[in-house]
Amino acid sequence: SNRYNLNGMIRAEETYTDGELSYETFYTYHDNGQLRMKGNQIWPELDFDGTITSWHKNGQKENETYYSEGKLSGKGTWWYVKGQMSMELYSGKDGSFAGEERHWFENGQLEGISTWKNGKSISFKSWHANGAIHHDYIYPNGIKEGEYIRLDKHGKVYAKATYENGKCISGDCY
């Protein structure tokens, strides 16, 4: 069965099993009537399931993610309001991050890359808007170890710290 909002636009498509609501495709809208979000939920837990898509108020796609029984699973992608890619990430079936997570500035230039393994960040590299390196870190076993530096947009060191077993032992701890 279907449910509608006060403006007559579809709000939900419901599936019943043995007389009980079991699955729902839902729709939400911006105040201008533009579709804001569409996705699926498993009842009664209200877990997301399948592709969840949202749009900016101007109709441009904002994000698209895939869930399996409430857990982020697979590729997730986000876009800026003008359509440029903002972020992309991957997760395993258990919902933990896996592979590369990438972020972009609105001008399309790469802003950062995090590499994930078994749900832990094992490296992170980022750039300033002018393309100069900002960070370039490696996290053995998912924790900070050794010397970490941050560079300004001119390539000069502005922060330095030393870590042991994930704890800052000297310098500009951040």
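Residues numbered from 1 in each chain as written. Predicted model: local features only at pLDDT ≥ 70, side-chain atom pairs only at ≥ 80, totals over all residues. Heavy atoms only, no water.

Colleague: Would you explain the confidence of the model for the protein chain in this entry?
Modeller: Low-confidence regions, as indicated by low pLDDT, have predicted coordinates that should not be scrutinised in detail. Mean pLDDT over the protein chain works out to 92, with 100% of the residues at or above the 70 mark. Mean pLDDT across the elements of the protein chain ranges from a minimum in strand 1 (residues 2-4), with 88, to a maximum in strand 6 (residues 50-55), with 96. (pLDDT = per-residue confidence, 0-100. Helix = DSSP H or I, 4+ residues; strand = E, 2+ residues; numbered from the N terminus.)

Colleague: Explain the packing of aromatic side chains to me, please; I cannot follow it from the model alone.
Modeller: To describe a pair of aromatic rings, one takes the distance between the centres and the angle between the planes. Under the criterion given, the structure shown has 7 aromatic pairs. Ring centres of Phe97 and Trp116 lie 4.9 Å apart, and the angle between their planes is 55 degrees; this geometry places the pair in the tilted category. You can see Phe97 sitting in the loop between strand 9 (85-91) and strand 10 (99-104) and its partner Trp116 sitting in strand 11 (residues 110-117), a full 19 residues away along the chain. By way of ring pairs, the aromatic residues Tyr137, Tyr139, Tyr148 and Tyr163 are connected into one cluster. A cation over a ring is seen here: Lys144 above Tyr148, with NZ or CZ 5.8 Å from the ring centre. (Phe/Tyr/Trp six-rings, centres within 6.5 Å; stacked < 30°, edge-to-face > 60°. Lys NZ or Arg CZ within 6 Å of the ring centre and 35° of its normal.)

Colleague: How should the state of the cysteines be read in this particular structure?
Modeller: Any covalent bond linking the sulfur atoms of two cysteines counts as a disulfide. Evaluated as defined, the whole model comprises 1 disulfide. At a sulfur-sulfur separation of 1.9 Å, the disulfide partner of Cys168 is Cys173. Between Cys168 and Cys173, the S-S torsion sits near -75 degrees, and that sign places the bridge as left-handed. When its relative accessible area of 47% is taken as the criterion, Cys173 is described as partly exposed. (Disulfide = S-S within 2.5 Å. Buried < 20%, exposed > 50% of the residue type's maximum accessible area, 1.4 Å probe, protein only.)

Colleague: Looking at this model, I keep getting lost on the pairing of strand 16 (residues 167-171). Mind explaining?
Modeller: Taken together, the 4 bridges between strand 15 (residues 157-164) and strand 16 define a ladder with antiparallel strand orientation. Looking at strand 16, one finds that Glu164 is bridged to Lys167. Hairpin connection between strand 15 and strand 16: a loop of 2 residues separates the two successive antiparallel strands, and Asn165 in this loop has a positive phi of roughly 50 degrees. (Pairing = 2+ DSSP bridges.)

Colleague: When you look at the sheet that holds strand 15 in this model, what are you seeing that I'm missing?
Modeller: One key point about sheets: their strands pair by backbone hydrogen bonds, in either a parallel or an antiparallel sense. If you trace the 3 strands from one edge of the open sheet to the other, you get 14-15-16, paired in antiparallel fashion. Only two strands of the sheet have a single partner each, and these edge strands are strand 14 (146-151) and strand 16. Sheet twist, expressed as the average angle between the axes of neighbouring strands with direction ignored, equals 35 degrees. (Axes fitted to C-alpha atoms, helices over the stretch in contact; angles between N-to-C directions.)

Colleague: How should I be thinking about the pairing of strand 10 in this particular structure?
Modeller: Successive side chains on a regular strand alternate, one facing one side of the sheet and the next facing the other. Sheet topology places strand 9 next to strand 10; 2 bridges connect them, and they run antiparallel. Residue pairing in the sheet places Met87 in a bridge with His103 of strand 10. One ladder, built from 6 bridges, connects strand 10 with strand 11; its direction is antiparallel. By the bridge assignment, Glu101 is partnered in strand 11 with Ser114.

Colleague: What's the story with the side chain of Glu14 in this structure? I'm lost.
Modeller: Tracing the backbone shows Glu14 in strand 2 (residues 10-17). Residue classification places Glu14 among the buried positions, given a relative accessible area of 11%. Within polar-contact distance, the side chain of Glu14 engages the side chain of Arg3 at 2.4 Å. Within the structure, Glu14 has its side chain in polar contact with the side chain of Tyr16 (distance 2.8 Å). Apart from the residues lying within four places of it in its own chain, the contact partners of Glu14 are Ser1, Arg3, Leu21, Tyr23 and Glu24. (Polar contact = N/O pair within 3.5 Å; in protein donor to acceptor, adjacent residues only side chain to side chain. Contact = heavy atoms within 4.5 Å.)

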